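Close look at the chain arrangement
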Amino acid sequence: MTTVDLWKQARERAHDSYGAHVGRSADDLPTPALVVDRAAVNRNITTMMSALEGHTARLRPHVKVQKSPDLALSQVAAGAIGVTVATVWEAAAMAAAGITDVLIANQVVGAEKIRAAAVLSRTVNLTVAVDDERNIAELSRAAVHAGSTLRVLVERDVGMGRCGARSVTDAVRLGRAVHAAPGLDLKGIQAYEGHCMLEPDPAKRRRFALDAMNTAAEVVEAFAAAGLPHETLSGGGTGTYDITGHDPRVTELQAGSYVFMDAFHGSLVPGFEVSLTAMSTVVGRHGDTVILDCGRKSIGIDFVLPPILGLDYVARYYAEEHALFDVDALFTADVGDRVRLVSGYAPTTVNLHDVLFVADDDRIVDVWPVFPRGADHHGLLRALS
Ligand SMILES: Cc1ncc(COP(=O)(O)O)c(C=O)c1O
């Protein structure tokens with residue numbers, strides 16, 4: 001079974017299981033269900049492509065947000081240079097669907113994952129991030145064994161304190177190791193300023209993001225001075241798309257959440273529409289307390305508790321299968337009525353579902369599998385061994 005077979009199976013399974021809803025109203029879906037407003041998604045894609053016009057950075061959207069190869073393909077068709085992913089199995093799924101340029105903006109550690117990345121890079125332009133010499137040696141051995149070439153970015157920590165070299169000296173040492181390693185092709189630097197996305201004040205966020213890219217630019221300069229390749233500087237997210245994405249030193253913008261615009265990212269940047277909602281049903285109304293059937297097993301609550309679309313009521317609590325809202329007399333929905341929620345954080349919402357229901361004017365027109373939902377979904381890694 002190849003990864004392409006697994007992708008075909010995922011689509012067939014999605015259509016066999018959920019295709020009966022195509023042509024029907026989104027209001028008839030069994031809840032909770034994720035609904036993608038196709039027109040709003042397309043407008044978000046266009047808005048982001050236009051925002052980068054005339055700037056150095058090209059868009060490489062992070063597709064961990066949606067885990068949908070169907071949607072990733074439309075982003076590439078609209079002009080994205082490829083996609084960013086977080087895991088090898090996401091890379092395998094995107095490649096199986098036909099995307100030919102994939103960045104795993106993350107460390108690939110562990111024999112099975114490294115082997116899969118090396119095999120995958122026989123057929124697609126696959127780039128991985130590194131911040132450890134032992135890992136570089138393992139990636140090199142695997143690529144030589146697979147007869148492939150893996151592209152590599154040296155990751156520099158620019159303030160988030162997650163992965164990445166902690167100094168310019170360390171980054172140059174890693175760069176030299178990659179450049180000397182057979183089977184590896186050094187492309188430049190990855191620098192994700194994730195800490196900036198947590199800063200609500202736009203002026204401070206701008207300052208933090210510029211500082212972060214100054215830190216990244218020191219590595220670019222040091223690579224140039226050391227005679228190391230440095231054509232790529234990849235980073236940025238939705239919260240910094242018009243800062244990092246407009247920085248002339250940056251060559252790739254990894255923003256992803258703009259496509260769905262969850263409540264967390266909506267509080268950071270204006271200009272994009274909510275295109276993903278969780279359709280839910282009122283299962284209880286007791287005075288001004290409303291209970292919905294969409295709990296944390298169906299919607300991501302990270303950073304911000306999911307609000308009701310278009311309304312200001314603040315959620316009191318999200319239990320496993322229930323959301324509780326304190327409303328008032330203006331809220332008219334009662335038991336059995338449908339209510340749409342905006343995910344607090346889309347990336348931890350989509351993987352709770354098998355499929356995304358795609359709607360045009362609230363009529364379901366397609367069903368997109370969420371693929372891959374988690375580690376080695378349906379054996380994606382085994383298919384690459
Ligand atoms: C490495 C990396 N790049 C980019 C992003 C930006 O994604 P978003 O646009 O969803 O904020 C993330 C988010 O977690 C990330 O981890």
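Before going into details, it helps to say that this report is about the structure given with it. A quick note: this is a predicted structure, and the numbers were derived from the prediction, not measured. (Residues numbered from 1 in each chain as written. Predicted model: local features only at pLDDT ≥ 70, side-chain atom pairs only at ≥ 80, totals over all residues. Heavy atoms only, no water.)

**Observations concerning the overall build of the chain**
Looking only at helices and strands, the chain has 10 helices and 16 strands in total. Here the chain holds 385 residues, and 55% of them are scored as buried. Total accessible area on the chain stands at roughly 15200 Å², and carbon and sulfur atoms take up 50% of it. Distance between charge centres in the chain, computed from 36 positive and 47 negative side chains, equals 5 Å. (Helix = DSSP H or I, 4+ residues; strand = E, 2+ residues; numbered from the N terminus. Buried < 20%, exposed > 50% of the residue type's maximum accessible area, 1.4 Å probe, protein only. Areas by Shrake-Rupley, 256 points an atom, 1.4 Å probe, with all protein chains shown as cover. Lys, Arg positive; Asp, Glu negative; His and termini not counted. Charge placed at Lys NZ, Arg CZ, Asp CG, Glu CD.)

**Observations concerning the layout of surface pockets**
Each pocket or cavity is described by its volume, and for the largest pocket that value is around 610 Å³. Taken together, 32 residues make up the lining of the largest pocket; nearest its centre are His62, Lys64, Arg162, Tyr192 and Tyr345. Residue assignment for the lining of the largest pocket shows that the elements contributing at least two residues are β4 (101-107), α9 (263-266) and α10 (347-350). When residues in the lining of the largest pocket are grouped by element, the largest group, 3 residues, is from β4. (1 Å grid on protein atoms, 1.4 Å probe; cavity = no way out; pocket = protein on both sides within 12 Å on 5 of 7 lines; lining within 4 Å. Points joined across faces, edges and corners; volume = space filled by probe spheres on them.)

**Digging into empty space enclosed by the protein**
Under the defined criterion, the tally for this structure stands at 1 cavity of 30 Å³ or more. If you go around the largest cavity, the residues you meet are Glu155, Arg156, Asp157, Val158, Met160, Arg162, Cys163 and Tyr192. Here the residues of the lining of the largest cavity sort into 4 nonpolar, no polar and 4 charged. (Nonpolar A, V, L, I, M, F, W, Y, C, P; charged D, E, K, R; others polar.)

**Remarks on the sheet that holds β4**
Read from one edge of the open sheet, 8 strands run β2-β9-β8-β7-β6-β5-β4-β3, paired in parallel fashion. Single-partner strands in this sheet number two, and they are β2 (58-59) and β3 (83-85). Examined bridge by bridge, strand β8 (residues 232-235) and strand β9 (residues 252-253) share 2 bridges and lie parallel to one another. Bridged to Ser234 within β9 is Glu252. Packing against the sheet, helix α4 (residues 88-96) makes contact with β3, β4 and β5 (125-130), and its axis sits at approximately 150° to β3. (Pairing = 2+ DSSP bridges. Contact = heavy atoms within 4.5 Å. Axes fitted to C-alpha atoms, helices over the stretch in contact; angles between N-to-C directions.)

**Some remarks on the site of the ligand**
In the region of the ligand, 14 residues are neighbours, and Lys64, Thr238, Gln254, Gly256 and Ser257 sit closest. Side-chain polar atom of Lys64 to an oxygen atom of the ligand: 2.7 Å apart, as the coordinates give it. Contact between the ligand and Gln254: a nitrogen atom at 2.6 Å from a side-chain N or O atom of the residue. The site holding the ligand turns out to be the largest pocket. Looking at the shell around the ligand residue by residue, the class counts come to 4 nonpolar, 8 polar and 2 charged. (Near = heavy atom within 4 Å. Polar contact = N/O pair within 3.5 Å; in protein donor to acceptor, adjacent residues only side chain to side chain. Sits in = over half its atoms within 2 Å of the grid points.)

**A short note on unusual backbone geometry**
As a rule of thumb, non-glycine residues mostly have phi less than zero, and peptide bonds are mostly trans rather than cis. Between Thr31 and Pro32 the backbone carries a cis peptide bond, its omega angle lying at 0°. When you line up the elements, Pro32 lands in the loop between α1 (3-18) and β1 (33-37). Here the residue pair Phe371 and Pro372 is connected by a cis peptide bond, since its omega of 5° sits within 30 degrees of zero. The residue Pro372 is located in the segment after β16 (363-369) in this model. One non-glycine residue, Met261, lies in positive phi territory at about 55°. In this model, Asp376 sits at a positive phi of 55°, which is unusual for a non-glycine residue.

**Concerning the side chain of Lys187**
Considering the arrangement of structural elements, one finds Lys187 in strand β7 (residues 184-190). The contacts of Lys187, once residues within four sequence positions are left out, are Arg151, Val152, Leu153, Pro229, His230, Glu231 and Thr232.

**Concerning the packing of helix α5 (residues 111-120) against helix α6 (residues 133-146)**
Helix-helix packing is characterised by the crossing angle of the two axes and by the distance between the axes. Where α5 meets α6, the axes come as close as 8 Å, and the angle between the chain directions of the two elements is 50°. Relative to α6, α5 is oriented oblique. The two elements α5 and α6 cross, and the hand of that crossing is right-handed. Of the residues in α6, those in contact with Ile114, Ala118 and Val119 of α5 are Asn135, Glu138, Leu139, Ala142, Ala143 and Ala146. For the contact of α5 with α6, the per-class residue count stands at 7 nonpolar, 1 polar and 1 charged. (Parallel < 35°, antiparallel > 145°, perpendicular 65-115°, else oblique. Left-handed = near helix turned anticlockwise from the far one by under 90°.)

**A few points about the pairing of strand β10 (residues 276-286)**
Counting buried positions along β10 gives 8 out of 11 residues, so the element sits mostly inside the fold. Sheet topology places β1 next to β10; 4 bridges connect them, and they run antiparallel. Looking at the pairing, Ala33 lines up with Met279 of β10. Of the strand pairs in this sheet, β10 and strand β14 (residues 338-342) are connected by 5 bridges, and their pairing is antiparallel. In the sheet register, Ala278 faces β14, and the bridge partner there is Leu341. Between β10 and strand β11 (residues 289-292), which follow one another and run antiparallel, lie 2 residues, and Gly287 among them has a positive phi close to 65°.

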